[in-house]
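# Structure at a glance
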Amino acid sequence: MSESFAEHDPGDLIAVGKINKVHGIKGEVKVRPYFGSPDDFLNYRKMYFRDPESGLPQHLKVSRCRPQAGDVILKLEGLDDRTAAEGYRGVEILVDKKLLPPLPEDEYYWHELVGFQVETDIGRHLGKVATFFQTAGHDVMVVRGSGREYLIPLEKEFILKRDGDASILTVKDLPGLFAIND
């Protein structure tokens with residue numbers, strides 16, 4: 001099903017979703033996209049997964065791809081039954097960053113913000129963007145600095161400014177939002 005990863009710098013690849021379950025009995029898997037539309041997967045010419053043993057990306061040979069109710073159903077070559085597909089549950093799907101669809105000017109991909117310095121609108125330095133995660137209500141940005149971790153909702157009322165040239169995010173300093181970690 002996979003071939004050795006050699007044509008990309010691993011830094012060029014970005015996780016776009018995760019295999020969260022098996023679909024049917026013929027080896028199909030269901031992928032939950034991390035962002036965008038499930039239709040975006042139709043444009044990903046090459047997909048990869050991170051090999052659990054080596055940690056290196058491996059090419060996925062996809063024979064069929066179809067969006068379904070917010071998810072994506074993939075048929076991977078070499079997976080011909082449910083048992084074989086079960087081994088891929090929890091595996092992240094990666095694609096080359098160049099294949100991501102362009103976003104409107106006021107939107108951004110998570111990976112573009114990792115490493116940004118985060119400051120409040122009253123000048124308090126919180127740390128750097130470390131990672132993100134999804135909840136049922138909204139996405140959350142994890143900021144780490146000075147031995148503290150802050151969880152900031154990715155909502156327009158909290159993220160005030162993004163300075164791409166200086167790699168700084170300015171967030172609203174709301175009473176109580178950061179006090180739990182002080």
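Thresholds applied
- Residues numbered from 1 in each chain as written.
- Predicted model: local features only at pLDDT ≥ 70, side-chain atom pairs only at ≥ 80, totals over all residues.
- Heavy atoms only, no water.
- Helix = DSSP H or I, 4+ residues; strand = E, 2+ residues; numbered from the N terminus.
- Buried < 20%, exposed > 50% of the residue type's maximum accessible area, 1.4 Å probe, protein only.
- Contact = heavy atoms within 4.5 Å.
- Lys, Arg positive; Asp, Glu negative; His and termini not counted.
- Charge placed at Lys NZ, Arg CZ, Asp CG, Glu CD.
- Pairing = 2+ DSSP bridges.
- Axes fitted to C-alpha atoms, helices over the stretch in contact; angles between N-to-C directions.
- 1 Å grid on protein atoms, 1.4 Å probe; cavity = no way out; pocket = protein on both sides within 12 Å on 5 of 7 lines; lining within 4 Å.
- Points joined across faces, edges and corners; volume = space filled by probe spheres on them.
- Nonpolar A, V, L, I, M, F, W, Y, C, P; charged D, E, K, R; others polar.
- Polar contact = N/O pair within 3.5 Å; in protein donor to acceptor, adjacent residues only side chain to side chain.
- pLDDT = per-residue confidence, 0-100.
- Salt bridge = Lys/Arg side-chain N within 4 Å of Asp/Glu carboxyl O.

## Let's talk about the overall build of the protein chain
- Scanning the protein chain for helices and strands turns up one helix and 13 strands.
- Each helix and strand of the protein chain, ordered N terminal to C terminal, gives the series β-β-β-β-β-β-α-β-β-β-β-β-β-β.
- For the protein chain, the spread of C-alpha atoms along the principal axes amounts to about 55 × 35 × 35 Å.
- Within the protein chain, buried positions represent 37% of all 182 residues.
- Pairs at least 24 residues apart make up 55% of the contacts formed inside the protein chain by residues separated by at least 6 positions.
- Averaging the positions of the 24 positive and the 30 negative side-chain charges in the protein chain gives two centres separated by 4 Å.

## Remarks on the sheet that holds strand 11 (residues 148–153)
- Spatially, 11-10-9-8-13-12 is the arrangement adopted by the six strands of the open sheet, whose pairing is mixed. One side of each edge strand has no neighbouring strand; the edge strands of this open sheet are strand 11 and strand 12 (159–163). The sheet shows a mean angle of 35° between the axes of neighbouring strands, direction not considered.
- Bridge count for strand 8 (residues 117–120) against strand 9 (residues 125–134) is three bridges, and the pairing is antiparallel. Counted as the bridge partner of Val118 is Gly127 from strand 9.

## A closer look at the layout of surface pockets
- Approximately 600 Å³ is the volume found for the largest pocket.
- Partitioned by chemical class, the residues of the lining of the largest pocket number 11 nonpolar, four polar and eight charged.
- Along its surface, the second largest pocket is lined by Ile14, Ala15, Tyr34, Phe35, Tyr109, Trp110, His111, Val114, Thr131 and Phe132.
- Looking at the lining of the second largest pocket, the elements with two or more residues in it are strand 1 (13–23) and strand 9.
- In terms of residue class, the lining of the second largest pocket is made up of eight nonpolar, two polar and no charged.

## Side note on the side chain of Asp71
- Turning to its location among the elements, Asp71 is positioned in strand 6 (residues 71–76).
- At a separation of 2.5 Å, a polar atom in the side chain of Asp71 contacts the side chain of Arg32.

## Digging into the environment of Glu86
- As for its placement among the helices and strands, Glu86 is situated in helix 1 (residues 82–86).
- Between the C-alpha atoms of Glu86 and Val29, which are 57 residues apart in sequence, the distance is 8.3 Å.

## A few points about the environment of Lys30
- If you trace the backbone, Lys30 turns up in strand 2 (residues 28–33).
- For Lys30, a relative accessible area of 16% gives the class buried.
- Sequence separation of Lys30 and Asp71 is 41 residues, and the distance between their C-alpha atoms is 6.6 Å.
- Excluding residues within four positions of it along the chain, Lys30 makes contact with Lys18, Ile19, Asn20, Lys21, His23, Gln68, Asp71, Val72 and Ile73.

## Some remarks on the sheet that holds strand 6
- Read from one edge to the other, the open sheet built from seven strands follows the order 4-3-7-1-2-6-5, with strand pairing classed as antiparallel. Each end of this open sheet is capped by a strand with a single partner; those strands are strand 4 (57–60) and strand 5 (62–68). For this sheet the average axis-to-axis angle between neighbouring strands, irrespective of direction, equals 35°.
- Both strand 3 (residues 47–50) and strand 4 contribute to a ladder of four bridges, which runs antiparallel. When the bridges of strand 4 are listed, Arg50 appears paired with Pro57.

## Regarding the confidence of the model for the protein chain
- Summing up the model confidence of the protein chain, the mean pLDDT is 86 and the portion of residues at 70 or higher is 92%.
- Long-range and interchain partners of residues 1–8, a stretch whose pLDDT sits below 50, account for 25 contacts in this model, where long-range means more than four residues apart.

## Brief notes about the pattern of salt bridges
- Under the defined criterion, the tally for this structure stands at seven salt bridges.
- Ionic pairing is found between Arg32 and Asp71, a salt bridge with its closest N-O pair at 2.5 Å. Residue Arg32 is located in strand 2, and its partner Asp71 is located in strand 6; the two are separated by 39 residues in the primary sequence.
- On the basis of relative accessibility, which here comes to 41%, the residue Arg32 falls in the partly exposed class.
- Note on Asp71: relative accessible area 6%, which makes it buried.

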